[in-house]
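Secondary and tertiary structure notes
Residues per chain, in single letters:
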Amino acid sequence: PQLVNQIAAGEVVERPASVVKELLENSLDAGARRITIEVEQGGVRLIRVRDDGDGIAAADLPLAVSSHATSKLVDMADLERVVTLGFRGEALASIASVARLKLRSRTRGEEQGHELLGDGQGGFEGPQPTAHPEGTTVEMRDLFFNTPGRRKFLRTERTEFGHLETVVRRVGLSRDHVEIRLLHNGKPVFTLPAGEDQAVRERRVAALCGQAFLEESLHIEHSGAGLRLHGWVARPSFSRSQPDLQHFFVNGRMVRDRLVAHAIRQAYRDVLYGQRHPAYVLHLELDPALVDVNAHPQKHEVRFREQRLVHDFLFRTLHEVLAETRA
Ligand code: ADP
Ligand code: MG
């Protein structure tokens, strides 16, 4: 299965940033409240993600790294209403096929932790007992050491770290109640404070998108027809020359979606006339049964089952808020 995994890994693991994305999604799915990400050499040499989530029981450690094994879906009906970020059971298996992997974990019920080591060539050692607090630490070393063809496509340390940091920032925007720390080559890059009150949310948005964005933005909080939209949209005067400040989350999952982009663009266009790129951080929440997340291997795209409803809700809500800026 090593070859199969390496092919599958091509879909999931492109660069250090994609590894971090998968590991962070796993930590969030495990209900983590604190996550620490330590990175060396842009993530090529080391990525270590430690969380305080539910942990993986010793007996399940080998399953966690086998392909198509997920603990998150039990039957087909679950696939119709996915509530976790992961559901394919491919990420750890893929990473284990292109790098050395060390999993350490302890669940709430266990007296001690266990670890499993992957040599990156299909071999695994363990699980064996080890000291570990409740939660999980996943350590990936030497990305693509066994696939030189892939390694060749990696960019400079700085570029790779830039991509990785962008991923961490996006994840940071998706969950206000999770403390996230990032370190590069032993130096702290940032710590995002955790909390659900408005002051903390604002500090996080300012830390992640800049104080200017926050000051030039309107806060949105609107519910209707079973949908909820909340977050920030920049005033038309803050629109950007590039679409670099556009963050949209559906049930906590970052999404790039045409229907969403269209609804937002229409709302801005109506108010603004001129054409540049709006800046926003928006969260849409709706019944998971109304969203199909199984549309893309990297899970960036979704399909709404009620397209019209979602489009109109977004358009009307944003239009109303933006129109006030003209008054
Ligand atoms: P998926 O997330 O699609 O289920 P992964 O390959 O990312 O697949 O992870 C495989 C399994 O390993 C998960 O279903 C989960 O049971 C377990 N797992 C991975 N990371 C963690 C973590 N940080 N905390 C708890 N369980 C984890
Ligand atoms: Mg996963």
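None of these values were measured; they are calculated from a predicted model. Residue positions are given per chain, counted from 1 along the sequence in the order it is written. For this description, chains carry letters from A and ligands carry numbers from 1, given in the order in which they are written. In keeping with the model being predicted, local features are shown solely for residues with a pLDDT of at least 70 and side-chain atom pairs are shown and tallied solely at 80 or more, while totals for entire chains, interfaces and linings include all residues.

**Remarks on the sheet that holds strand β6 (residues 135-141)**
What counts is decided by this rule: Strands pair, by our definition, only if DSSP identifies at least two bridges between them. A run of H or I in DSSP becomes a helix once it reaches four residues, and a run of E becomes a strand once it reaches two; helices and strands are each numbered from the N terminus. What counts as an axis is a line fitted to C-alpha atoms, over the stretch in contact for a helix, and the angles between N-to-C directions run from 0 to 180 degrees. Two residues qualify as being in contact provided that their C-beta atoms, derived from the backbone, are within 7 Å of each other.
One open sheet accounts for eight strands, arranged β5-β4-β3-β6-β2-β1-β7-β8; its pairing is mixed. In this open sheet, the two strands that pair with only one neighbour each are β5 (124-130) and β8 (187-192). Pairwise comparison of adjacent strand axes, ignoring direction, gives a mean angle of 10° for this sheet. Pairing between strand β2 (residues 46-51) and β6: six bridges, direction antiparallel. Residue pairing in the sheet places Val49 in a bridge with Val138 of β6. The strands that helix α2 (residues 16-29) touches are β1 (34-40), β2 and β6; relative to β2, the one it contacts most, it runs at about 10°.

**Considering α2**
Using the following cut-off: A helix's residues, less one, multiplied by 1.5 Å, set its expected span. In this scheme every C-beta is placed from the backbone, and a residue whose C-beta has 20 or more other C-beta atoms within 10 Å is buried, one with 12 or fewer is exposed, and one in between is partly exposed.
If you check α2, its first and last C-alpha atoms are 20 Å apart, about what 14 residues at 1.5 Å a residue would give, namely 20 Å. Extensive coverage of α2 is indicated by the burial of 13 of its 14 residues. Within two residues after α2, Gly31 carries a phi angle of roughly 80°, on the positive side.

**A few points about the confidence of the model for the protein**
Selection criterion: Every residue gets a pLDDT, meaning the predictor's confidence in that residue, from 0 to 100.
When the pLDDT values of the protein are averaged, the result is 89; 90% of them are 70 or greater. Among the prediction metrics, the complex's ipTM stands at 0.99, with pTM recorded as 0.90.

**Describing the environment of Ser94**
Residue placement: Ser94 occurs in helix α5 (residues 91-98). Between the C-alpha atoms of Ser94 and Asn146, which are 52 residues apart in sequence, the distance is 13 Å.

**Digging into the pairing of strand β7 (residues 179-184)**
As defined by bridge partners, β1 adjoins β7 across six bridges and the pair is classed as parallel. For Ile37, the partnering residue across the bridge sits in β7 and is Leu182. Alignment of β7 against β8, held across five bridges, turns out to be antiparallel. Bridge pairing in β8 places His184 opposite Lys187.

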